[in-house]
Amino acid sequence: MTVIVGIGPVSFSDVVAVARDGAAVELADDAVAAVEASRIHIEELAANPTPVYGVSTGFGALATRHIPLDMRKQLQRSLIRSHAAGSGPEVEREVIRAMMLLRLSTLASGRTGVRRETAQAYADLLSAGLTPVVHEYGSLGCSGDLAPLAHVALAVMGEGQVRDAHDRLIPTAEALHTHGLAAVTFAEKEGLALINGTDGMLGQLVLALTDLDNLLRLADVAAAMSVEGQLGTDRVFAADLQELRPHPGQIASAANIRRLLADSAIVASHRTPDCTRVQDAYSLRCSPQVAGSARDTAAHARTVAERELASVIDNPVVTLDGRVESNGNFHGAPVAHVLDFLAVVVADVAGISERRTDRFLDTARNHGLPAFLAHDPGVDSGHMIAQYTQAGIVSELKRLAAPASVDSIPSSAMQEDHVSMGWSAARKLRRAVDGLTRVLAIEVLTAARGIDMRAPLTPSPATGAVIGVLREHVEGPGPDRYLAPEIAAVVELARSGALVAAAEGVLGPLA
């Protein structure tokens, strides 16, 4: 597969294809034309004795110095080398590839003033599967994701290290030679254009929203299984009740749960006049309200992401009429805010999932199931400690929900005196999404065990299909087994979308 990058925005699917599937990248003809046209303006300004920021001056707090013509290549090299100051663990390959594609998309807009060969170098690195080493720390989310993007630009210069498509760590110069690629010597304005963007935080937002599209549907699957296994009622999910509070996400979530519980013999078994239960606990009854609010938050975040994908982030920028103007569009606040917002709802969806799981394990609340769903309680502990694992993750998610974007640390001698911390918000959201995946997986594993223990009563066709897929990897109820590998197997089923796909194989697409 090849993604074509033109003067318009790349799509969510383009980002995922390049970041996760290793798609190659090509520059469209309109992008090449736009890049070449805007470069003319930069070269004219470079020859002008009047200083222009980013073209013939220093950077940040050093912008007052005019740089003579014979020192400008050194200026570009120095900018990238000094800004490639990251530290800590390596950032994941998919994040770096997403970041590179998004920077290339901005370069292809023709509004940054880079040369064609510089933009082409990004496409070539992506197509060759060469991923520059980028480190965890170094971005304040303002003036762009400076250090992460500088590490990428360093590789375009032929310096630093990259990982190849087989994850081997190789000196960049060697990797470029092996793939028939040449290092680029940057000209005026180019170094700044390569590092002044929100591409790192935006790429992580796009990937997180892609994951949450699956996980929020899985949250409905897990909730339906818990309602079913705990002999809850499906009446509270009725469409007319949900429409009394017309939040779109809530209505969609409740509709999913109704469909998932349809034709359940377990639900039907207690839908009788002699049932004495008046109403279910909040964690069962209010599942659509919590998961629905998360859906609506994700929808808002997607709107922000789509606007950002359509944006040109650089400073200074080449305008349509050829001016080169400073601006503040590199400030990551819009992206940082929704990254933080998503971390809040992820923690809440995980929290209600953990509460539903815990109800399965307590004989005072699980309506006739054995303690901790154990085969022989006392001898066996069942899922007692699986819930501990959930609880530990949920507690961590609450800490990760503390917003990064309300913090700001002045930098660059107070020239950059208010920053977004959007990169930090993105990094913690990635950890939060991973935590939610694990929490939902444990709920599904526990609910499946509880439902199996209701035999001979049978689940709905949809939840039964989910349990069927799970049982291909994890055995049903029985004496205690080594539990960690079973949890890991279900986490992978959750992450891959296989559990949702099993339900959708019966019902068709969930909302």
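Calculation rules
Residues numbered from 1 in each chain as written. Predicted model: local features only at pLDDT ≥ 70, side-chain atom pairs only at ≥ 80, totals over all residues. Heavy atoms only, no water. Helix = DSSP H or I, 4+ residues; strand = E, 2+ residues; numbered from the N terminus. Expected span 1.5 Å × (residues − 1). Buried < 20%, exposed > 50% of the residue type's maximum accessible area, 1.4 Å probe, protein only. Arc of directions from axis to C-beta. Contact = heavy atoms within 4.5 Å. 1 Å grid on protein atoms, 1.4 Å probe; cavity = no way out; pocket = protein on both sides within 12 Å on 5 of 7 lines; lining within 4 Å. Points joined across faces, edges and corners; volume = space filled by probe spheres on them. Nonpolar A, V, L, I, M, F, W, Y, C, P; charged D, E, K, R; others polar. Axes fitted to C-alpha atoms, helices over the stretch in contact; angles between N-to-C directions. Parallel < 35°, antiparallel > 145°, perpendicular 65-115°, else oblique. Polar contact = N/O pair within 3.5 Å; in protein donor to acceptor, adjacent residues only side chain to side chain. Salt bridge = Lys/Arg side-chain N within 4 Å of Asp/Glu carboxyl O.

*Asks:* I keep staring at helix 3 (residues 72-83) and nothing clicks. Help me out?
*Replies:* In an α-helix, one full turn covers 3.6 residues, which means residues spaced three or four apart are oriented alike. Here helix 3 contains 12 residues, and its C-alpha end-to-end distance of 16 Å stays within 8% of the 16 Å for a straight helix at 1.5 Å per residue. Within helix 3 the residues assigned to the buried category are Arg72, Leu75, Gln76, Leu79 and Ile80. The arc enclosing the buried residues of helix 3, seen along the axis, measures out at 125 degrees, which places them on a common side. In this fold, the buried residues of helix 3 make contact with helix 2 (29-46), helix 6 (146-156) and helix 8 (190-195).

*Asks:* Explain the layout of surface pockets to me, please; I cannot follow it from the model alone.
*Replies:* Using a probe with the size of a water molecule, rolled over the atoms, empty space left in the structure can be pinpointed. Here the second largest pocket is characterised by a volume of approximately 370 Å³. Around the second largest pocket, the lining is made up of 17 residues, and of these Arg20, Glu94, Asp211, Arg430 and Arg495 lie nearest the centre. Taken together, the elements giving at least two residues each to the lining of the second largest pocket come down to helix 9 (199-229) and helix 17 (422-452). Here the lining of the second largest pocket is built from residues that sort into five nonpolar, three polar and nine charged.

*Asks:* Where do I start with the packing of helix 9 against helix 18 (residues 461-471) in this structure?
*Replies:* Working note: a packed helix pair is described by the angle between its axes plus the distance between those axes. Packing of helix 9 against helix 18 leaves a shortest axis separation of 10 Å and a crossing angle of 105 degrees. Looking at the two axes, helix 9 sits roughly perpendicular to helix 18. Taking contact as the criterion, the partners of Val221, Met225 and Glu228 in helix 9 are, on helix 18, Thr463, Val466 and Ile467. Taken together, the residues that form the contact of helix 9 with helix 18 break down as four nonpolar, one polar and one charged.

*Asks:* I keep staring at unusual backbone geometry and nothing clicks. Help me out?
*Replies:* Outside of glycine, negative phi angles account for most residues, and trans bonds account for most peptide bonds. In this model, Asn315 is joined to Pro316 through a cis peptide bond whose omega is -5 degrees. Of note, the bond from Ala455 into Pro456 is cis; its omega dihedral lies within 30 degrees of zero at 15 degrees. On the secondary structure map, Pro456 appears in the loop between helix 17 and helix 18. Not every positive phi belongs to a glycine, and Leu231 is a case in point at roughly 55 degrees. Tracing the backbone through its elements, the reader meets Leu231 in the loop between helix 9 and helix 10 (239-242).

*Asks:* In this structure, what is going on with the environment of Asp211? I would like to understand it.
*Replies:* Relative to the helices and strands, Asp211 is located in helix 9. Excluding anything up to four places from it in sequence, Asp211 contacts Arg20 and Val433. At 2.9 Å, the side chain of Asp211 and the side chain of Arg20 are in polar contact.

*Asks:* Looking at this structure, I do not really get the pattern of salt bridges. What am I missing?
*Replies:* Any two side chains of opposite charge can pair, so long as their charged atoms come close to each other. Scanning the model with the defined rule gives 37 salt bridges in all. Of the charged contacts in the structure, one is a salt bridge between Arg431 and Glu136, with a shortest N-O distance of 3.6 Å. Linking Arg431 in helix 17 with Glu136 in strand 5 (residues 135-137), this pair joins segments that are 295 residues apart in sequence. Residue Glu136 is classed as buried on the basis of its relative accessible area, which comes to 10%. The partner of Arg481 in a salt bridge is Glu475, and the shortest N-O contact between them spans 4.0 Å. Look at Arg481 and you get partly exposed, because its relative accessible area is 28%. One network of salt bridges, with partners in common, ties together Arg20, Glu92, Glu94, Glu136, Asp211, Arg427, Arg430 and Arg431.

*Asks:* Would you take a moment to explain empty space enclosed by the protein for this structure?
*Replies:* For the structure shown, the criterion picks out two cavities of 30 Å³ or more. Taken as a whole, the largest cavity encloses approximately 70 Å³ of empty space. If you trace the largest cavity, you find it lined by Leu102, Ser105, Thr106, Thr198, Asp199, Leu202, Glu308, Leu309, Ser311 and Ile313. Looking at the lining of the largest cavity, the elements that each hand over two or more residues are helix 4 (93-108), helix 9 and helix 14 (287-309). Looking at the lining of the largest cavity, the element that brings in the most residues is helix 4, giving three residues. Class assignment of the residues belonging to the lining of the largest cavity gives a composition of four nonpolar, four polar and two charged. Volume-wise, the second largest cavity comes out at about 30 Å³. Every residue along the wall of the second largest cavity is listed here: Ala219, Ser287, Val290, Ala291, Val349, Ile352 and Arg356.

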